[in-house]
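What follows is each chain in one-letter form.
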Amino acid sequence: MEFQNVRHFHVAKGARSRCLKADAKGAIYLTTKNGTFPISLTSLNSQDDAPTQDAARIFSATTKNVTSLQWDDISDDLLFTNSNETQDYDNVWKNNQKRSINDAVSRNITLVLENLLKNYENSQLPTHGKGYPTVVQTNILIRSMGPVSELDMDYSMDCYFRQYWRDTRLSFLGPIRSLSLSIKMLERIWRPDTYFYNGKHSYVHTITVPNKLLRISQHGDILYSMRLTIKAKCPMELRNFPMDRQSCPLILGSYAYSNQQLVYQWQNSESVNFVPGMTLSQFDLISYPYRNFTFTRREGDFSVLQVSFNLQRHTGYFLIQVYVPCILIVVLSWVSFWIHREATSDRVGLGITTVLTLSTISLDSRTDLPKVRYATALDWFLLMSFFYCIATLLEFAGVHYFTKVGSGEIVIDDSEWEELIEEVGGDAFAARQLAARRRSSSRSATNCNFSLPSQGACASEGEDLPAPEQTSVRLTMERTTQTERRVPRWRQLLYCLAGDDRYRRQRQIEAGKRGHINSVSHIDKAARVLFPASFALLNFFYWMIYALSSDDFAWSDNPINTLSH
């Protein structure tokens, strides 16, 4: 039975068949000896208003290209029967109808794909020979980002990377608007050779299966999505560390196809997005601008996409772990200005302790930083702290040079020492006691104000002096400042720096002959004011320069030329 150029034709089979009650929407494919054809089923009812007996068994086929159909070519599965005898039989018919349509569609999807890929060449671009390039649109959804490593100058992120393009060779007709296919189909179709220009180590997640998605629409629009962990290079400028800003780029494009064959574009104005609530541990994400541009390589011009993640570092960690401890250690070193100048071991020990503590903090703060050729902002602050701690030690060295002569130590020449040793029979301790008594007696005879409180006026020349045992002799006595007014202060400083031993012994002898009580060194008094004031001033300029200065990001901050190969 043959029908020529008809849109509606009647099909009869068996005595059981009565007026068809088909209720289906869309189109399915019929497979016959002549080939596979799309058809649509229309709704017909066998009620009292049914047209005639000729409409008893109607199967409506709509097609554009079919000019003849043989009934024997149609599968028995697509024959529908309807009976108005009972309602149960009608329900059974409806269920059979649905199952028949689903089975036919599922069987024919495989046949459609086989027909589409029958003459498909996966090595050719979708627009091969058409005179214009294939356009690949891209978007990224970032799930997490970090860590950002200053030592390796890279960063990592976990994202969904999606690509869209149109391949009209894969367009089809049917009731299904899009097909979600197995990733095995990726090996049989063309897909863009996207790679990351500044990538270091990126991979696709494969647990529990490769995290990829392939979807094809009726018009040949293809969605290719995958979940990636990307580790990319991030050139950093650490001069302002830890008050720095960094711009970490992600640059992607085709590895082999020039911009005459393949063009990359961001899909829309929101092509780069983040999962709500995503944060970084050490940085604040300021902005993430993206752009399309052309990159010239030795092989030609290539279409490239770039997104730059502009980051600003958190300084709270470094304030707590580095800056505040360094300031406190420097302040602690100034305590030596209020310690008695004769406590040599105390002041030296305090100065050395502060220097060693700063060394430990400095080494610990540099652990996660690369060995760059320039000094960072943190390095300058540590150097400034070192300078003040060492200056405290040098200040005490100057105080010691000028003031140690008044400590009460007995200055004895070699000839005098030999005479004392002979007098006491070789006992060094007794020789020192004898020298102290003699020096104390000579001072008491020349200075009335230096006598003990219980004594009255100075004894006359004819009176006997108190016995040595009754005189309380201080072996360690405070002395006045050690500057000699007859010698200019700048010359005294030169003597101190040169380590002139002759001048030092002369000052020791002069100080030993003085009889008045000393106070604090003038150097210590000046240091108590100059050190804190200068340190506060330097800190003010330091924070003004580094903390308040902020440069705007520009695309030139991450030149693509450094990534050429």
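- In the annotation of an unreviewed UniProt entry, the protein is listed under the name Gamma-aminobutyric acid receptor subunit alpha-6 and assigned to Papilio xuthus.
- Its UniProt record gives the protein the following Sequence similarities (unreviewed entry) comment, quoted word for word: "Belongs to the ligand-gated ion channel (TC 1.A.9) family."
- UniProt's Subcellular location (unreviewed entry) comment on the protein is quoted here verbatim: "Postsynaptic cell membrane".

## Topic: the packing of helix H2 (residues 316-333) against helix H9 (residues 522-546)
Phase 1: Across the interface, H2 lies against H9 with an axial gap of 12 Å and an inter-helix angle of 160 degrees. In terms of orientation, H2 and H9 fall into the roughly antiparallel class. Considering how the two elements wind past one another, H2 and H9 form a crossing that is right-handed. Contact residues: Leu319, Tyr323, Ile327 and Val330 in H2; Phe535, Asn539, Tyr542 and Trp543 in H9.
Phase 2: By residue class, the composition of the contact of H2 with H9 is seven nonpolar, one polar and no charged.

## Here we look at the nonpolar core
Phase 1: Among the nonpolar cores identified, the biggest contains 81 residues, and Ile142, Tyr155, Met157, Leu250 and Phe309 are the most heavily contacted of them.
Phase 2: Take this core: its biggest share by element is nine residues, from helix H4 (residues 377-403).
Phase 3: Residue contributions to this core reach at least three from each of two domains, namely domain 1 (134-313) and domain 2 (317-409 + 528-549).
Phase 4: Residues in contact with Tyr155, not counting those within four places in the same chain, are Met145, Pro147, Val148, Ile230, Lys231, Ala232, Lys233, Cys234, Cys248, Pro249, Leu250 and Phe309.
Phase 5: In terms of nonpolar packing, the next biggest core, distinct from the first, is built from seven residues, Tyr195, Tyr197, Phe295 and Phe302 among them.

## Remarks on the state of the cysteines
Phase 1: Scanning all chains against the criterion turns up one disulfide.
Phase 2: Residue pairing for Cys234: its cysteine sulfur links by disulfide to Cys248, the two sulfurs lying 2.0 Å apart. Across the S-S bond linking Cys234 and Cys248, the dihedral sits near -75 degrees, which makes this disulfide left-handed. With a gap of 14 residues between them, Cys234 in the loop between strand E11 (221-233) and strand E12 (245-254) and Cys248 in strand E12 connect regions that are remote in the sequence. Each member of the pair, Cys234 as well as Cys248, is classed as buried.
Phase 3: In this model Cys326 remains outside any disulfide bridge; the closest cysteine sulfur is found in Cys389, 8.5 Å from its own.
Phase 4: The exposure class of Cys326 is buried, given its relative accessible area of 0%.

## Remarks on the UniProt feature "transmembrane region" (unreviewed entry) in the protein
Phase 1: The sites that carry the UniProt feature "transmembrane region" (unreviewed entry) are, in the present numbering, residues 317-339, 380-402 and 529-549.
Phase 2: The span residues 317-339 shows a helical share of 74% and a strand share of 0%, and its end C-alpha atoms are spaced 34 Å apart.
Phase 3: Here residues 380-402 runs as 100% helix and 0% strand, with 33 Å between its end C-alpha atoms.

## Overview of the pattern of salt bridges
Phase 1: Taken as a whole, this structure holds 14 salt bridges when the rule is applied.
Phase 2: The shortest N-O distance in the salt bridge between Asp167 and Arg169 comes to 2.9 Å.
Phase 3: Looking at Asp167, the relative accessible area reads 0%, which means it is buried.
Phase 4: Given the relative accessible area of 25%, Arg169 is considered partly exposed.
Phase 5: Here Arg366 ties to Asp379 by a salt bridge, and the two come within 2.7 Å at their closest N and O atoms. With Arg366 in the loop between helix H3 (344-365) and H4 and Asp379 in helix H4, this residue pair connects regions lying 13 residues apart in the sequence.
Phase 6: Judged by its relative accessible area of 24%, Arg366 falls in the partly exposed class.

Basis of the calculations
- Numbering of residues starts from 1 in each chain and follows the order in which that chain's sequence is written.
- Local features in this predicted model are restricted to residues whose pLDDT is 70 or higher, and side-chain atom pairs enter the listing and the counts only when it is 80 or higher, whereas totals over whole chains, interfaces and linings include all residues.
- Excluded from the side-chain calculation are hydrogens and water; included are all heavy atoms of the structure.
- UniProt positions are given in the numbering used here, feature names are shortened, and annotations may be inferred rather than shown by experiment.
- Whenever a helix is involved, its axis is fitted only over the stretch in contact; in every case the axis is a line through C-alpha atoms, and angles between N-to-C directions fall within 0 to 180 degrees.
- In this text, helices come from DSSP runs of H or I with a minimum length of four residues, and strands from runs of E with a minimum of two, each type numbered from the N-terminal end.
- Roughly parallel means an angle under 35 degrees; roughly antiparallel, over 145; roughly perpendicular, 65 to 115; everything else is oblique.
- Take the far helix as your reference; a near helix turned counterclockwise from it by less than a right angle gives a left-handed crossing, and one turned clockwise gives a right-handed crossing.
- Between two residues, a contact is recorded if the distance between any of their heavy atoms is within 4.5 Å.
- Three residue categories are used. Nonpolar comprises Ala, Val, Leu, Ile, Met, Phe, Trp, Tyr, Cys and Pro, charged comprises Asp, Glu, Lys and Arg, and polar comprises the others, including Gly.
- Take the buried residues of types Ala, Val, Leu, Ile, Met, Phe, Trp, Tyr and Cys, join any two whose side-chain atoms come within 4.5 Å, and each joined set is a nonpolar core.
- Classification of residues uses two cut-offs on accessible area relative to the type maximum, computed with a 1.4 Å probe and protein chains only: under 20% is buried, over 50% is exposed, and between them is partly exposed.
- Domain start and stop positions are those given by an automatic or database domain assignment.
- Pairs of cysteine sulfur atoms within 2.5 Å are identified as disulfides in what follows.
- A pair is scored as a salt bridge if a Lys or Arg side-chain nitrogen falls within 4 Å of a carboxyl oxygen belonging to Asp or Glu.

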